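# An overview of the molecular structure
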Amino acid sequence: MRCPTLTDLPPPPEGKTGWPWTEECLRLPKIAPDGQEWPKISIVTPSYQQGQFIEETIRSVLLQGYPNIEYIVMDGGSRDETLSILDKYNDYVQWISEADDGQTDAINKGWKRATGSILAYLNSDDTYARGAINQVIHFFIANPDVDMVYGDAIHIDQQSETIVRCHSGPLDLKRYLCGDYYLPQPTVFFRSKITREIGYLDPELNLAMDLDYWLRILQEYRVEYLPLALANARLYPDAKSSSQKYKYLDERLYILDKLFSRPGLPPEIRTLKSKCYSCVYLQGACDYLEIGKANKFWECFKKSLRASQTNCLCQSSSKLMLSLRVNGFEGIIHAIRNSISQAH
């Protein structure tokens, strides 16, 4: 699909200005410098009841100025304004609205429909940064031995105002395994051959499916960091990653169980087993503390200690301080009081 221009698209809602409402990217020529067609990139957006955000997501894909984008939206049967918004962009978006088994199922269905040589998925409340796709494609063309790239994410609020830019930096697999390295999902792009060789997202996972998939890729393929802001990740109380954060524990444990039961695992990874489990349980303890679940907090904390006493004691103060920065002193005190009252 040839990317549309601002004048091709429906006018933005009243009061919406800037990227991607009244600004667009410089359009690349129809043919690449080598005389060939530009590589096709397929973007899948899983969607359900995100009518307040999805139009911004759509426009951030369509206005990239890239000549060969396939954009697929897999909607789970939304009953808000989502379908009317999708219908407005019908000429530029392939979309289906039907019941599914959740976000992972929607992404997998979209990827199976995709025909591009580069794949990605962008949630319906996130957006691409201006010029992101052009940067990624040029990197893939210049580095044919690289199979996956990722970059920095800018965290934004419900009004799309910047909260902070997260500088990921070059990958550290050991830190990633221990939950101490942020690989921002909306900045990831990879070659479609990967789905043919290792399959799709694990349907057993509904929250940490991206963590699991990137880990599978990291063990088999060359991955590179692009030191550019490629996407805007939206943080707000109702976002799944925020409202269901405490539910990540079981999925992270499932991922570790899969990893460490794998035959032929490199010794340098296998030696991290105790530390990895300790870190995951400790993060779970902090997540439960934030919502005042005293019994679950102590249960996870003790399991972290049993897995690796050294790691738990070394990491617990920093994890608590991070939680303090995110939730504020009053929020932590309130959670602790709730924990104490529940314990009694």
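The following paragraphs examine the structure supplied in this document. What you see is a predicted model, and the numbers here were worked out from it, not measured in a lab. (Residues numbered from 1 in each chain as written. Predicted model: local features only at pLDDT ≥ 70, side-chain atom pairs only at ≥ 80, totals over all residues. Heavy atoms only, no water.)

## Overview of the nonpolar core
Counting 55 residues, the largest nonpolar core has Trp111, Leu183, Phe190, Trp214 and Ile217 as its most contacted members. Per element, the largest residue contribution to this core is 9 residues, and it comes from helix H11 (residues 273-290). Those residues in contact with Leu183, other than ones at most four positions away along the chain, are Met148, Tyr150, Leu171, Tyr176, Val188, Trp214 and Leu218. Counting residues in hydrophobic clusters, the runner-up holds 38 residues, among them Tyr71, Ile137, Phe189 and Ala231. (Core = buried A, V, L, I, M, F, W, Y, C linked by side-chain atoms within 4.5 Å. Buried < 20%, exposed > 50% of the residue type's maximum accessible area, 1.4 Å probe, protein only. Helix = DSSP H or I, 4+ residues; strand = E, 2+ residues; numbered from the N terminus. Contact = heavy atoms within 4.5 Å.)

## Comments concerning the pairing of strand S9 (residues 223-234)
Note: strand S5 (residues 127-128) against S9, 2 bridges, orientation antiparallel. The partner of Thr127 across the bridge, within S9, is Asn232. When strand S6 (residues 148-156) meets S9, the two strands line up parallel, connected through 8 bridges. Within the sheet, the bridge partner assigned to Asp152 lies in S9 and is Ala229. (Pairing = 2+ DSSP bridges.)

## Examining the packing of helix H7 (residues 209-220) against helix H9 (residues 248-260)
Packing of H7 against H9 brings their axes to within 10 Å, and their N-to-C directions diverge by 20 degrees. Comparing their axes, H9 and H7 come out roughly parallel. Regarding H7 and H9, the two cross each other, and that crossing is right-handed. Residue-level inspection shows Met209, Leu211, Asp212, Leu215 and Gln219 of H7 in contact with H9, the latter providing Glu251, Ile255, Lys258 and Leu259. Residues belonging to the contact of H7 with H9 are distributed by class as follows: 5 nonpolar, 1 polar and 3 charged. (Axes fitted to C-alpha atoms, helices over the stretch in contact; angles between N-to-C directions. Parallel < 35°, antiparallel > 145°, perpendicular 65-115°, else oblique. Left-handed = near helix turned anticlockwise from the far one by under 90°. Nonpolar A, V, L, I, M, F, W, Y, C, P; charged D, E, K, R; others polar.)

## A few points about the side chain of Thr45
For Thr45, the location among the structural elements is in strand S1 (residues 41-47). At a separation of 2.8 Å, a polar atom in the side chain of Thr45 contacts the side chain of Tyr71. A distance of 2.8 Å separates a polar atom in the side chain of Thr45 from the backbone oxygen of Leu122. (Polar contact = N/O pair within 3.5 Å; in protein donor to acceptor, adjacent residues only side chain to side chain.)

## Let's talk about the pattern of salt bridges
Applying the stated criterion to the full structure yields 15 salt bridges. The partner of Glu56 in a salt bridge is Arg234, with the nearest N and O atoms 3.2 Å apart. Here Glu56 is found in helix H1 (residues 54-62), whereas its partner Arg234 is found in strand S9, with 178 residues between them in sequence. Residues Asp105 and Lys109 are paired through a salt bridge, measuring 3.4 Å at the closest nitrogen-oxygen approach. Taken together, the residues span about one helical turn, with Asp105 and Lys109 both in helix H3 (residues 103-113) at a distance of 4 residues. Overlapping salt bridges, with partners in common, bring together Asp202, Asp212, Arg216 and Lys258 in one network. (Salt bridge = Lys/Arg side-chain N within 4 Å of Asp/Glu carboxyl O.)

## As for the layout of surface pockets
Its volume calculated, the second largest pocket comes out at about 240 Å³. With 3 residues, H1 is the single largest residue contributor to the lining of the second largest pocket. Of the residues in the lining of the second largest pocket, the class split is 6 nonpolar, 7 polar and 4 charged. (1 Å grid on protein atoms, 1.4 Å probe; cavity = no way out; pocket = protein on both sides within 12 Å on 5 of 7 lines; lining within 4 Å. Points joined across faces, edges and corners; volume = space filled by probe spheres on them.)

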